[in-house]
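A structural walkthrough
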Amino acid sequence: MDSQAHVRKARRLEATLYRLELTADSETIIETCMLAGTHYLNALAHDNGILDVSDDLLHSDKPELGMPIPDGLAPAFASMKFIEDLRPGLVRGPDDPSEDDVQKCLDNFGVVASMMSGQPEKSS
């Protein structure tokens, strides 16, 4: 998928994300941060020549990139790793997310989204 398609999907998900309630929709918020953030991360990777548009990341470290993450993109990869590590116990596992967990997830998603916002628009 090309970066423009990733960004379109991420922005639609992000628009939904901010209509959700922090406590009542906590698992949905975490899942949406994961999905939208992964779309943004893929767009960043495509736009910065890390991944060909025929390849996509499923997680910040899967599949392996086979190269070091450029320093400028390290915050996005670290933020997505935080979300990925938070998600199993709180969404698929037995633990209930606290408001603090959800806020940290949103904060880390914000890092990824803001890095994408700083990228120049690609022309078709």
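Structural notes, computed from the coordinates. (Residues numbered from 1 in each chain as written. Predicted model: local features only at pLDDT ≥ 70, side-chain atom pairs only at ≥ 80, totals over all residues. Heavy atoms only, no water.)

Look at helix α2 (residues 26–47) against helix α4 (residues 99–117): their axes get within 9 Å of each other, and the N-to-C directions meet at 20°. Judged on the interaxial angle alone, α4 and α2 are roughly parallel. Between α2 and α4 the crossing geometry is left-handed. Across from S26, I29, I30, C33, A36, G37, Y40, L41, A43, L44 and D47 in α2, the residues of α4 making contact are V102, C105, L106, F109, V112, A113, M115 and M116. Of the residues in the contact of α2 with α4, the class split is 16 nonpolar, 2 polar and 1 charged. (Axes fitted to C-alpha atoms, helices over the stretch in contact; angles between N-to-C directions. Helix = DSSP H or I, 4+ residues; strand = E, 2+ residues; numbered from the N terminus. Parallel < 35°, antiparallel > 145°, perpendicular 65-115°, else oblique. Left-handed = near helix turned anticlockwise from the far one by under 90°. Contact = heavy atoms within 4.5 Å. Nonpolar A, V, L, I, M, F, W, Y, C, P; charged D, E, K, R; others polar.)

Further remarks concern the packing of aromatic side chains. Taken as a whole, this structure holds 1 aromatic pair when the rule is applied. An angle of 35° between the planes, with centres 6.1 Å apart, marks the rings of Y40 and F109 as tilted. In this pair, Y40 is assigned in helix α2 and F109 in helix α4, connecting sequence segments 69 residues apart. For the pair Y40 and F109, a shared accessibility class is recorded, and that class is buried. (Phe/Tyr/Trp six-rings, centres within 6.5 Å; stacked < 30°, edge-to-face > 60°. Buried < 20%, exposed > 50% of the residue type's maximum accessible area, 1.4 Å probe, protein only.)

So, on to the side chain of T38. Relative to the assigned elements, T38 resides in helix α2. Residue T38 is classed as buried on the basis of its relative accessible area, which comes to 11%. Once residues lying within four places of it in the same chain are set aside, the contact partners of T38 are C33, L57, L58 and M80.

Tracing the backbone through its elements, the reader meets E27 in helix α2. Since its relative accessible area comes to 30%, E27 is described here as partly exposed. Considered as a pair, E27 and G37 are 10 residues apart in the sequence and their alpha carbons are 15 Å apart. Once residues within four sequence positions are removed from consideration, E27 is found in contact with L90, V91, D96 and P97.

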